[in-house]
Amino acid sequence: MESLFLASPTFSHARLLRPNPSNQKEASGVHRLGIRSPRCTMDVSLGGSYNYDKILKFPRMHVWDPYKRLGLTKDASEEEVLAARNFLLEQYAGHEGSVESIEGAFEKLIMASFRQRKKTKINLKSRLKKQVEESPPWVQRLLDHVEAPPVDTILRRLFLFAFMGGWSILNSADSGPAFQVALSLGSCIYFLNDKMNSVPRAAIIGFASLAAGWILGSVAIPVIPSVLLPPTWSLELLTSLVSYVFMFAACTFLK
């Protein structure tokens with residue numbers, strides 16, 4: 001290393017002047033000599049060269065429109081935006097200003113896409129609310145008795161009635177589904193009473209949902225082609241499965 005300092009006085013001169021030039025004249029003199037950094041001087045002394053002009057600079061750094069800056073059209077998808085951003089970063093990775101400009105345009109487009117999706121969801125809710133308000137009076141009265149419970153409540157009750165259905169299918173060869181239907185009816189009345197705080201009303205709605213499901217099943221199932229139904233499933237079993245669906249809907253979504 002000492003031999004390198006002795007062989008290249010320019011290097012030692014640059015090291016003395018670069019950190020703290022004594023005046024503006026000396027600093028400008030160093031600049032005129034072309035001494036940019038110790039790396040540049042060492043490269044020259046070893047027979048190499050370092051050319052800063054070879055670093056590519058992004059030509060659209062100051063373009064205001066983020067689409068035009070990334071070379072995209074207004075209808076470009078998020079995948080195309082991401083692909084353009086990655087391609088440009090590879091091309092101009094050595095220039096800090098270019099990288100910042102590319103990343104800035106990418107962030108603007110992603111944030112705009114996020115705001116648009118959020119606005120679309122809000123508009124969808126507004127349109128649904130408007131359609132409900134413009135619906136006939138009997139539809140509004142019907143919807144007044146319906147609510148959307150939390151997802152975990154829906155899943156727990158769905159699991160219960162699905163279990164009852166599976167139990168009924170497994171025992172269909174030995175006995176009918178009367179016991180499972182009774183348990184499902186009791187569960188339905190319990191859940192309804194938990195919301196309504198009225199046992200008589202809960203019992204009426206529970207029995208009504210059971211009767212509606214049983215009647216609909218008795219009418220609709222014989223119409224279904226027999227080739228679509230398992231041969232071991234009786235009409236009683238299929239009707240009870242329809243009743244489970246009605247009781248699940250009644251105790252979950254009715255107010």
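Criteria and cut-off values
Residues numbered from 1 in each chain as written. Predicted model: local features only at pLDDT ≥ 70, side-chain atom pairs only at ≥ 80, totals over all residues. Heavy atoms only, no water. Salt bridge = Lys/Arg side-chain N within 4 Å of Asp/Glu carboxyl O. Helix = DSSP H or I, 4+ residues; strand = E, 2+ residues; numbered from the N terminus. Buried < 20%, exposed > 50% of the residue type's maximum accessible area, 1.4 Å probe, protein only. UniProt positions renumbered as here; feature names shortened; annotations may be inferred. Phe/Tyr/Trp six-rings, centres within 6.5 Å; stacked < 30°, edge-to-face > 60°. Lys NZ or Arg CZ within 6 Å of the ring centre and 35° of its normal. Axes fitted to C-alpha atoms, helices over the stretch in contact; angles between N-to-C directions. Parallel < 35°, antiparallel > 145°, perpendicular 65-115°, else oblique. Contact = heavy atoms within 4.5 Å. Nonpolar A, V, L, I, M, F, W, Y, C, P; charged D, E, K, R; others polar.

Per an unreviewed UniProt entry, the chain goes by Protein CHAPERONE-LIKE PROTEIN OF POR1, chloroplastic and derives from Platanthera guangdongensis.

Concerning the pattern of salt bridges
All chains considered together, the criterion is met by four salt bridges. As a salt-bridge pair, D65 and K74 come within 2.9 Å of each other at their nearest N and O atoms. Across the pair E147 and K195 runs a salt bridge, and its minimum N-O distance is 3.5 Å. Note that E147 is positioned in the loop between α8 (137-143) and α9 (151-170) and K195 in helix α10 (residues 178-196), a separation of 48 residues in sequence. Residue E147 is classed as partly exposed on the basis of its relative accessible area, which comes to 30%. A relative accessible area of 26% places K195 in the partly exposed class.

Considering the UniProt feature "transmembrane region" (unreviewed entry) in the chain
Using the residue numbers shown here, the UniProt feature "transmembrane region" (unreviewed entry) corresponds to residues 176-192, 204-225 and 237-254. Across residues 176-192, helical content stands at 88% and strand content at 0%; the span's end C-alpha atoms are separated by 26 Å. The straight-line gap between the two end C-alpha atoms of residues 237-254 is 26 Å; of that span, 94% is helix and 0% is strand.

A look at unusual backbone geometry
In this structure, N197 takes a positive phi of about 55° despite not being glycine. Note that N197 resides in the loop between α10 and α11 (199-220). Look at N197 and you get exposed, because its relative accessible area is 67%.

Looking at the environment of L185
Of note, L185 is situated in helix α10. Given the relative accessible area of 10%, L185 is considered buried. Spatially, the C-alpha atoms of L185 and Y244 are 8.6 Å apart, while their sequence positions differ by 59 residues.

Observations regarding the packing of aromatic side chains
Counting across every chain of the model gives six aromatic pairs. On the numbers, 5.7 Å between centres and 65° between planes, the contact of Y190 with F191 is edge-to-face. The side chain of R85 reaches across the aromatic face of F106, ending 4.9 Å from its centre. Note that R157 overlies the ring of F191, its terminal NZ or CZ placed 4.4 Å from the centroid.

Comments concerning the packing of α10 against helix α12 (residues 235-253)
Axes are the key here: two packed helices are described by the angle between their axes and the distance separating the axes. As a packed pair, α10 and α12 sit with axes 8 Å apart at the nearest point and diverge in direction by 10°. Between α10 and α12, the crossing angle belongs to the class labelled roughly parallel. Counting all contacts with α10, which are made through Q180, V181, S184, L185, C188, F191, L192 and K195, the residues of α12 involved are S240, Y244, M247, A250, C251, T252 and F253. The residue inventory of the contact of α10 with α12, partitioned by class, reads 10 nonpolar, four polar and one charged.

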